[in-house]
Amino acid sequence: YTVNIKVRLDISYTLILLVELFFLTENSGTFFPSVKQDPGKYLQRCPDSVKAWLQNLKNSGKVLLLITSSHSDYCRLVCEHILGHNFEDFFDIIITNALKPGFFSQIPNQRPFRNLVNDIEDCNGLASLDKPGWYSQGNWTHLNDLLKKMTRKSTPKVVYFGDSMRSDVFPASHYGNWDVVLILEELESEVIEENEVNSKDISAEPLEKKGKYEEQSIRIPSATSHQWGSYFLDDYKGINELEETQKYTWCCSCITTYSTIAIPSIEAIAELPLDFKFQRFSSHKPRTVGYYPKAPISLMKSRQKE
């Protein structure tokens, strides 16, 4: 039953990607023509601090990857708007139509890499990856082999940034054994709220980041839902519904299990030194340890009640 569900999900996701390719290429539908005509209406430009951070990483000798399940033409449209027309210079390897999470779980002959010519995939799969570049589809195994060659290390150390538990966090951690930085928009509103909590209960924040979340209004997409409440805790009533307790949500448990740290945005860490030491999630530490720049206010209040 589980296998059938997975197959159905993969088929459905593949159909969605095919629809995306058709509507973008043929300029059909409503969404893609609208984005192509006015990207600024739907996309936010990347702050200079983040672009400088990417350049600093590359200048320090790091290999930078961009892995997306979007097709190459849509990826180019988005990246040119948010990063600039020279966005390819930031990355050593770009992988589009990656079909995550299958990218991490499928073996090479099930999901080979393919070359691209004018955004059209070569029908012949590649037996391996020999050099950096822009590729389509692919699998973790061949990518890891290439990273071994590029870094000259038998076990390359990879830090992967993603915002989807299904497509990024779980597969990259479980199959790839990568360190995963979860970009968690829901953390932002609770970080702002947390300024009201006694500072002795909050890990010290670097001086250069002080005030980043102070005096800021909460953006609507990241505001705590009045209907659903905290993203991290659920209110739970007992059998007699007389006593109300709180339990960690499934999302909260997955965050601490499969990600290394969680941040509200890349901008939150972009101005930190590249050798800054973050506190990692760990089963041996409180659940509040691992969030940056601060733990969610709901978790902090729950901890105070214990």
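Residues numbered from 1 in each chain as written. Predicted model: local features only at pLDDT ≥ 70, side-chain atom pairs only at ≥ 80, totals over all residues. Heavy atoms only, no water.

The strands that make up a sheet are held in pairs by hydrogen bonds between backbone atoms, and each pair lies either parallel or antiparallel. Taking strand neighbours across the sheet as the criterion, the three strands line up as β7-β8-β11 in an open arrangement whose pairing is parallel. The open sheet is flanked by β7 (159–162) and β11 (261–263), the only strands paired with a single partner. Ignoring strand direction, the axes of neighbouring strands in this sheet form an average angle of 25°. Pairing between β7 and strand β8 (residues 179–183): four bridges, direction parallel. Paired with Gly 162 across the strands is Leu 182, a residue of β8. Helix α7 (residues 165–174) contacts β7 and β8 of the sheet and is inclined by roughly 170° relative to β8. (Pairing = 2+ DSSP bridges. Helix = DSSP H or I, 4+ residues; strand = E, 2+ residues; numbered from the N terminus. Axes fitted to C-alpha atoms, helices over the stretch in contact; angles between N-to-C directions. Contact = heavy atoms within 4.5 Å.)

To continue, consider the pattern of salt bridges. Counted by the stated rule, this structure contains six salt bridges. With a closest N to O distance of 3.7 Å, Lys 51 and Asp 48 form a salt bridge. Of this pair, Lys 51 and Asp 48 both sit in helix α3 (residues 48–59), three residues apart, which is roughly one turn of that helix. We classify Lys 51 as partly exposed; its relative accessible area is 23%. Residue Arg 76 pairs with Asp 119 through a salt bridge whose shortest N-O separation is 3.0 Å. Taken as a pair, Arg 76 in helix α4 (residues 72–82) and Asp 119 in the loop between β4 (116–117) and β5 (120–121) lie far apart in primary sequence, 43 residues in all. Among the charged side chains, a salt-bridge network with shared partners connects Lys 157, Asp 179 and Arg 280. (Salt bridge = Lys/Arg side-chain N within 4 Å of Asp/Glu carboxyl O. Buried < 20%, exposed > 50% of the residue type's maximum accessible area, 1.4 Å probe, protein only.)

Moving on, we come to the packing of aromatic side chains. For the structure on display, the rule yields 19 aromatic pairs. Their ring planes at 80° and their centres at 5.4 Å tell us that Tyr 231 and Phe 232 sit as a pair that is edge-to-face. Judged by its relative accessible area of 29%, Tyr 231 falls in the partly exposed class. Through successive ring pairs, a cluster of aromatic residues spans Phe 103, Phe 104, Phe 113, Tyr 135, Tyr 160 and Trp 178. Taking NZ or CZ as reference, Arg 287 lies 3.9 Å from the ring centre of Tyr 248, over its face. (Phe/Tyr/Trp six-rings, centres within 6.5 Å; stacked < 30°, edge-to-face > 60°. Lys NZ or Arg CZ within 6 Å of the ring centre and 35° of its normal.)

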